[in-house]
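Chain by chain, the residues run as shown.
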Amino acid sequence: MANRGSTSRRVPETEAAISYVQCDGLAVMKIVKHCHEESCSNMDVAQGALLGLVVENRLEITNCFPFPKHDDTMDEEEYQLDMMRRLRRVNVDHFHVGWYQSADVGNFLSQSLLESQYHYQTSIEESVVVIYDTKKSARGFITLKAYRLTPQAIAMYKEGDYTPEALRNLKIGYENLFIEVPIVIRNSPLTNIMMSELSEMIPEEEGSRFLDLGTASVLEGQLRSLMERVDELNQEAIKFNRYQHLVVRQQQDKHRWLLKRAQENAARAAKDETPLPEEDVNKLFKPLPVPPRLNPMIVAGQINTYSQHISQFCSQSLAKVYLTQALQNAKESKQNST
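Residues numbered from 1 in each chain as written. Predicted model: local features only at pLDDT ≥ 70, side-chain atom pairs only at ≥ 80, totals over all residues. Heavy atoms only, no water.

The name given to the protein in an unreviewed UniProt entry is Eukaryotic translation initiation factor 3 subunit H, with the source organism recorded as Pieris brassicae. In its Sequence similarities (unreviewed entry) section, the UniProt record describing the protein reads: "Belongs to the eIF-3 subunit H family." Word for word, the UniProt comment on the protein under Subcellular location (unreviewed entry) is "Cytoplasm". (UniProt positions renumbered as here; feature names shortened; annotations may be inferred.)

Caption draft 1: Highlighting the overall build of the protein. Along the backbone of the protein there are 10 helices and 8 strands. If you take every contact in the protein between residues at least 6 apart in sequence, the share linking residues at least 24 apart comes to 76%. Accessible surface, the protein as shown: approximately 20,700 Å² in total, 55% of it carbon and sulfur. (Helix = DSSP H or I, 4+ residues; strand = E, 2+ residues; numbered from the N terminus. Contact = heavy atoms within 4.5 Å. Areas by Shrake-Rupley, 256 points an atom, 1.4 Å probe, with all protein chains shown as cover.)

Caption draft 2: How the structure looks around the nonpolar core. Ranked by internal contacts, the top residues of the largest apolar core, which has 31 residues, are Leu114, Met156, Leu177, Phe178 and Leu294. In contact with Leu114, other than residues within four places in its own chain, are Leu109, Leu149, Tyr157, Leu177, Phe178, Leu294 and Ile298. Counting residues in hydrophobic clusters, the runner-up holds 21 residues, among them Val21, Val28, Ile61 and Val128. (Core = buried A, V, L, I, M, F, W, Y, C linked by side-chain atoms within 4.5 Å. Buried < 20%, exposed > 50% of the residue type's maximum accessible area, 1.4 Å probe, protein only.)

Caption draft 3: Highlighting the side chain of Gln302. With respect to the helices, strands and loops of the structure, Gln302 is situated in helix α10 (residues 294-337). Its relative accessible area of 12% is what places Gln302 among the buried residues.

Caption draft 4: Quick look at the pairing of strand β1 (residues 20-24). The buried count for β1 comes to 4 of 5 residues, which makes it a mostly enclosed element. Where β1 and strand β3 (residues 58-66) come together, 4 bridges link them in parallel fashion. Within β3, the position partnered with Gln22 by the bridge is Glu60. (Pairing = 2+ DSSP bridges.)

Caption draft 5: How the structure looks around helix α5 (residues 151-159). Within α5 the residues assigned to the buried category are Ala153, Ile154, Met156 and Tyr157. Buried residues along α5 cover an arc of 160 degrees about the axis, so they all sit on one side. Residues of α5 that are exposed and point more than 90 degrees away from the buried face comprise Pro151, Lys158 and Glu159. (Arc of directions from axis to C-beta.)

Caption draft 6: Seen up close, the packing of aromatic side chains. According to the stated counting rule, one finds 7 aromatic pairs in the structure shown. Consider the rings of Phe65 and Tyr79, whose centres lie 6.2 Å apart with planes at 70 degrees: the pair is edge-to-face. Of this pair, Phe65 sits in strand β3 while Tyr79 is found in helix α2 (residues 76-89), placing the two residues 14 residues apart along the sequence. Seen from their ring centres, Phe108 and Tyr147 are 5.3 Å apart, and the 25 degrees between their planes marks the pair as stacked. Of this pair, Phe108 sits in the loop between β4 (95-103) and α3 (111-123) while Tyr147 sits in strand β6 (residues 144-149), and the two are 39 residues apart along the sequence. On the basis of relative accessible area, Phe108 is assigned to the buried category, the value being 12%. Among the aromatic residues, those joined into a ring-pair cluster are Phe108, Tyr147 and Phe178. Across the ring face of Phe240, the terminal group of Arg293 is positioned such that the distance to the ring centre comes to 4.4 Å. (Phe/Tyr/Trp six-rings, centres within 6.5 Å; stacked < 30°, edge-to-face > 60°. Lys NZ or Arg CZ within 6 Å of the ring centre and 35° of its normal.)

Caption draft 7: Spotlight on the confidence of the model for the protein. Model confidence for the protein is summarised by a mean pLDDT of 81, while 85% of its residues fall at 70 or above. In this model residues 6-16 is a low-confidence stretch, pLDDT under 50, and it forms 21 contacts with partners more than four residues away in sequence or in other chains. Residue range residues 206-211 is modelled with pLDDT below 50. Its contacts to residues more than four positions away, or to other chains, number 2 contacts. (pLDDT = per-residue confidence, 0-100.)

Caption draft 8: Structural view of the layout of surface pockets. Taken as a whole, the largest pocket holds about 420 Å³ of empty space. As for the largest pocket, its lining consists of 20 residues, of which Phe108, Tyr147, Asn304, Thr305 and Gln308 are closest to the centre. Counting residues per element, the lining of the largest pocket draws most heavily on α10, which supplies 6 residues. Of the residues that constitute the lining of the largest pocket, the class distribution is 8 nonpolar, 8 polar and 4 charged. (1 Å grid on protein atoms, 1.4 Å probe; cavity = no way out; pocket = protein on both sides within 12 Å on 5 of 7 lines; lining within 4 Å. Points joined across faces, edges and corners; volume = space filled by probe spheres on them. Nonpolar A, V, L, I, M, F, W, Y, C, P; charged D, E, K, R; others polar.)

Caption draft 9: Inspection of unusual backbone geometry at higher detail. In this structure, Glu56 is a non-glycine residue whose phi angle is positive, near 55 degrees. Judged by its relative accessible area of 68%, Glu56 is exposed. Residues other than glycine seldom take positive phi values, yet Lys171 does so here, at roughly 55 degrees. If you trace the backbone, Lys171 turns up in the loop between α6 (164-170) and β7 (178-181).

Caption draft 10: Examining the environment of Gly48 more closely. Inspection of the secondary structure puts Gly48 in strand β2 (residues 47-55). Along the chain, Gly48 and Gln101 lie 53 residues apart, while their C-alpha atoms are 6.8 Å from each other. Apart from the residues lying within four places of it in its own chain, the contact partners of Gly48 are Phe65, Pro66, Phe67, Trp99 and Tyr100.

Caption draft 11: Here's a closer look at the sheet that holds strand β5 (residues 128-133). Taking strand neighbours across the sheet as the criterion, the 8 strands line up as β7-β6-β5-β4-β2-β3-β1-β8 in an open arrangement whose pairing is mixed. Both edges of this open sheet fall to β7 and β8 (183-186), since each of them pairs with a single strand only. Neighbouring strand axes in the sheet, compared pairwise and without regard to direction, differ in orientation by 35 degrees on average. Here β6 pairs with β7 via 4 bridges, running antiparallel. When the sheet's bridge partners are listed, Arg148 is paired in β7 with Ile179. (Axes fitted to C-alpha atoms, helices over the stretch in contact; angles between N-to-C directions.)

Here you go:
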């Protein structure tokens, strides 16, 4: 998946960056259909290519097509080129402008996604990744968001240095790995008329005007995933603390060795003997490898995303508590008065 952006056109670096994404309703429906089919059939992550063009400061997504499922006999690059050639023959926008991926209640941040978007964005400067959340949309929160890597994240991947010092110099953390680009869904006037007619044909379901308060199943999965990410982050913290402890011990051993060598040379100088040669301390005490901090940063970002979604879903349950509490108090006071 990381090399899928290599087949796209190269956009000059002098072009202005996009300020928002305009997505046609047809492309949105194709993304929604593909993501829900994959999530219902085999729970795989749905991915596909976005096609369109750049107009001034606007990225227009006019079409899309899904990536083939993992098959060793199929060349993914050749498949994409063949799809774009066929679309060009029927006068459809065939320029690669990014890719899309499904998500499960905000669970989309990963190292593979960062690497893929880096390859896309270095090949097509204006490319975006569109994330469609299937579980959240099924609960009534339509979620379609477009993201781009920040300049700090691109510089981090370009340098390939994920040590704490390098990340500190770049001033990068999980909160500024991505920047969200506003996305606007555009439909033709005929499509809007058809949707208005369809909405009138659909009968209003009983109780649909009330809040959907059945969030227990959603919260259970999110809390379980949150605990797993917290445990993973704790293991990463243990590894880093162990590294710091080893560094401190090595520095102490190095200091004792230098002090001992200075005392021995001082004693030999008092006896008019030749001092011992100064050996390279770094060869005796080799620097310890610094554990990379990219994975802990991604896990921290996942924890932050889960926390935000849990807070959003819990707001409905809190509304239910306050509503039912007032009704229960009124019922109890009425029973006591009688």
